[in-house]
Every structure is written in C-alpha cells, then in structure tokens.
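# Descriptive analysis of the structure
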Amino acid sequence: MNTNTQALSGRLRQNWRDYYILTKPKVVMLITFTALVGMFLATERMVPWEVLIFGALGITLVAASAAAINHLVDQRIDAIMARTQRRPLPTGQVEVWQALVFAGVLGVVGMALLLVFTNPLCAWLTFGSLVGYAVVYTMLLKRATPQNIVIGGAAGAAPPLLGWVAVTGQVEPGALLLFLIIFTWTPPHFWALAIHRREEYAKVDIPMLPVTHGVALTRLHILLYTILLCLVTLLPYLIGMSGVLYLLGATLLGARFLWFAWRLYHHADDRLAMPTFGYSIVYLFALFAVLMVDHYFHVRLEQFLF
C-alpha cells in the first residue's frame, strides 16, 4: 500500500470515527436497549421480527439524529468544556453543514423505517422525543432553569414507551410505568455528573443545580430522587406486571444505588460523585435486563401451570 492510499485510508477511518462520535453511541446504546425491553414487555409472544429489527433500528437512528443535533447546538460550549472540547465540531474534524446533513439523513431514514414497519403513533412519538431532546431541552431548558434535567428528562425516558407502542400501537399503563422509571432515574444519574463537572458548567453559564443552588442541596436531591426511584421500581411488581424475580432484582439493585446516594450525601465528598454516576448506568441496564428476564420467566411459568 503506497503512502497516498494509506493517508486516504487513515482519513476515512478518522471521518468514520468522527461521525460515530456525533451519535453519542454509549447513550444511544442505552436508549436502544431500553426500547427493546419495552418491545418484549409489550407482548407475551415473540416480537414480530420486522418490528424488532426495523423498529429498533428506526428508534436508534432518530436518537442518533437527536444526538448529532445536540452536538450542533452545543458546539460553542463544547469548545470550552474540558470534557467535550475534543468532539468533532469544536476540533473542526466535521463542519457544521456536514453534521446538519448527517443528522437530517439519520432522522429521515429512522422516521421512514418507523412509519413503514411499526405504526404512525410510534413514529410520531419518536419524532416528539427528538424535538423534546434536541430543541426543548438542548436549546431552551438547558440554559434556562436548574430543573432542566428534570423537565427535559421526559425525552430521555421515552425509549421503552416507544418500543412498547411499536408493538401494540397503543400507550398502555405498562409503557407509562417504564417511562416513569427512567424519568425518575434521570435526575440522580445526571446530577452526580453535574457535581463532578460543576466548574465547567459554571464557566459556560449552564445553570445546573450544583452551580445555582450548591453541591450540598444537589446531594440531598440525589438522595431523595433515589429513594423515590426505589419506590417507583416496586410498582411493576405491585400492579402484577412483574413477578418475584423482578422484585428481588429491583430491591437489590435499588439498595445498592441508595447506598451510593447516601454515601455521597453523608460524606459530602465530591470524589464519590463519579462512582455514583457510573453505578447509575449499570443500574438501569441491569434493572431493565431483570424486567425482561422476569417477564418471560413469568409467562413460561403461567403457561406451565395453566
């Protein structure tokens, strides 16, 4: 391979990585996973293959489009914050028009897949979540109120509801309960990160709670929201949506999360914020995995007994 070919190959690999970064892959992975769990919980049978594959892909692409728009809107503050200043737009690896076209293509293709392979309600709710995150949260709430992550969390809580609706075509109580779990999880998850990065948020005038009201109050809010989360996650069992296996898993996972939140509050040590943030991600993955396993265990047990 000659030097020119190697250089071209290197640029293509770099460009691919830059566009991949624009999609916020770790966030989108969590979104896709919770949407899939919503699909599986919506039916006692197997999810239709076209909904499973193309519905999940559509939700993933729209979420990736929203992430790219977030990069576009936040490029000024991303260039200042240490955590984000090496992103593709601040470094000039991707130009604004390229990111805009990329976000548009992802969004259009994702919406087309949802309209063709799921149902209109799922498609428009997904579009609404894109607008909620990319416009309402990123452009408005993020810069307007310390409650930004609480109100804007509705967009991030939508994926399991979207997955459920992709299968049933209806917004049902179970779907709303999955939405409520993530909605309640979002503040303690994000505020733990905000404590760690509060000086950077202050530098770019983003009114995150630890910036506007102090770290001590933020720690208290994290603890109170974690207690609320532990109570909310009992509801699937209490309404008969999930069984004992889920109850055990939710209790153990919640107790661990509560320990992290209490430790952060009680010791008033900012170094504990990132371990709390890290566990919150593991917690949500594990909780939804237990929801799915319990669902099919419960279904098979009922079929065996009756």
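Above this text sits the structure in question.
First, a word on scope: everything that follows refers to the structure included in this document. These numbers come from a predicted model, not from an experiment.

## A word on the overall build of the chain
Counting its secondary structure elements, the chain contains 16 helices and 0 strands. Over its C-alpha trace the chain gives a radius of gyration of 20 Å, about what one expects of a compact globule, namely 19 Å for 306 residues. When burial is assessed residue by residue, the chain has 49% of its 306 residues classed as buried. For the chain, contacts bridging at least 24 residues in sequence account for 75% of all contacts bridging at least 6. Just so you have it, the chain exposes about 14600 Å², and 68% of that area is on carbon and sulfur atoms. Mean positive and mean negative side-chain charge positions of the chain (20 and 14 charges, respectively) differ by 8 Å.

## Let's talk about helix H8 (residues 148-156)
Taken together, the buried positions of H8 are occupied by Asn148, Ile149, Val150, Gly152, Gly153 and Ala155. Summarising the contacts, the buried residues of H8 are in contact with helix H7 (120-140), helix H9 (159-168), helix H10 (173-196) and helix H13 (215-232).

## Observations regarding the nonpolar core
Of all hydrophobic cores here, the largest spans 60 residues; its most connected members are Met39, Trp185, Tyr283 and Phe288. Ignoring anything within four residues of it in the chain, the contact list for Phe288 reads Phe33, Thr34, Val37, Pro160, Leu178, Ile181 and Ile182. Counting residues in each nonpolar core, the second largest holds 25 residues, with Tyr137, Val150, Leu209 and Ala273 among its members.

## Quick look at H13
Side chains three or four residues apart in an α-helix point the same way, a direct result of the helix having 3.6 residues per turn. Over its 18 residues, H13 extends 25 Å from the first C-alpha to the last, a length consistent with the 26 Å expected when each residue adds 1.5 Å. Among the residues of H13, those classed as buried are Val215, Thr218, Arg219, Ile222, Leu223, Thr226, Leu229, Cys230 and Val232.

## Side note on unusual backbone geometry
One non-glycine residue, Asp205, lies in positive phi territory at about 60°. With respect to the helices and strands, Asp205 occurs in the loop between helix H11 (198-203) and helix H12 (209-212). Notably, Ala268 is not glycine yet its phi reads approximately 50°, a positive angle. Topologically, Ala268 is positioned in the loop between helix H15 (244-267) and helix H16 (273-305).

## Some points on the packing of aromatic side chains
Under the counting rule described, the total for this entry stands at 16 aromatic pairs. A ring pair is formed by Trp191 and Tyr225, whose centres lie 5.5 Å apart and whose planes are at 75°; its orientation type is edge-to-face. Of the two residues, Trp191 is situated in helix H10 and Tyr225 in helix H13; the sequence distance between them amounts to 34 residues. Taking the relative accessible area as the measure of exposure, Trp191 reaches 0% and is therefore buried. Both rings, one in Tyr279 and one in Tyr283, keep their centres 6.2 Å apart while their planes meet at 50°; by these two values the pair is tilted. You can see Tyr279 and its partner Tyr283 sitting in helix H16, 4 residues apart, about one turn around the helix. Pair check on accessibility: Tyr279 and Tyr283 agree, each one buried. Here a set of aromatic residues connected by ring pairs shows up, and it is made of Phe257, Trp259, Phe260, Tyr279 and Tyr283.

## Overview of a nonpolar patch on the surface
A contiguous nonpolar surface patch, about 540 Å² in accessible area, is contributed by Leu180, Leu235, Tyr237, Leu238, Ile239 and Val244. By residue number, the principal contributor to the nonpolar patch is helix H14 (residues 235-238), which donates 3 residues. In this structure, Ile239 sits in the loop between H14 and H15. By relative accessible area, Ile239 is classed as exposed at 53%.

## Section: the pattern of salt bridges
Tallying each qualifying case throughout the model produces 7 salt bridges. Between Arg143 and Asp74 there is a salt bridge, and its shortest N-O distance comes to 2.7 Å. In this pair, Arg143 sits in the loop between H7 and H8 while Asp74 sits in the loop between helix H3 (49-73) and helix H4 (75-78), placing the two residues 69 residues apart along the sequence. Accessibility expressed as a relative area gives 31% for Arg143, which makes it partly exposed. When the shortest N-O distance is used, the salt bridge between Asp78 and Arg87 registers 3.1 Å. With respect to burial, Asp78 and Arg87 carry one shared label: buried. When salt bridges that share partners are traced, they join Asp74, Lys142 and Arg143 into one network.

## A look at the side chain of Asp78
In this structure, Asp78 sits in helix H4. At 3.1 Å, the side chain of Asp78 and the side chain of Arg87 are in polar contact. Not counting residues within four places of it along the chain, the set of residues in contact with Asp78 comprises His71, Thr84, Gln85, Arg87 and Pro90.

## So, the environment of Gly107
Relative to the helices and strands, Gly107 resides in helix H6 (residues 96-117). Put simply, Gly107 and Val62 are 45 residues apart on the chain and 4.7 Å apart in space, counted from C-alpha to C-alpha. If we skip the residues at most four places from it in the chain, Gly107 touches Leu61, Val62 and Ser65.

Procedures and definitions
Residues numbered from 1 in each chain as written. Predicted model: local features only at pLDDT ≥ 70, side-chain atom pairs only at ≥ 80, totals over all residues. Heavy atoms only, no water. Helix = DSSP H or I, 4+ residues; strand = E, 2+ residues; numbered from the N terminus. Rg over C-alpha atoms; globule rule 2.2 N^0.38 Å. Buried < 20%, exposed > 50% of the residue type's maximum accessible area, 1.4 Å probe, protein only. Contact = heavy atoms within 4.5 Å. Areas by Shrake-Rupley, 256 points an atom, 1.4 Å probe, with all protein chains shown as cover. Lys, Arg positive; Asp, Glu negative; His and termini not counted. Charge placed at Lys NZ, Arg CZ, Asp CG, Glu CD. Core = buried A, V, L, I, M, F, W, Y, C linked by side-chain atoms within 4.5 Å. Expected span 1.5 Å × (residues − 1). Phe/Tyr/Trp six-rings, centres within 6.5 Å; stacked < 30°, edge-to-face > 60°. Patch = residues over 30% accessible without salt bridge, like charges linked within 9 Å, V, L, I, M, F, W, Y side chains within 5 Å. Salt bridge = Lys/Arg side-chain N within 4 Å of Asp/Glu carboxyl O. Polar contact = N/O pair within 3.5 Å; in protein donor to acceptor, adjacent residues only side chain to side chain.

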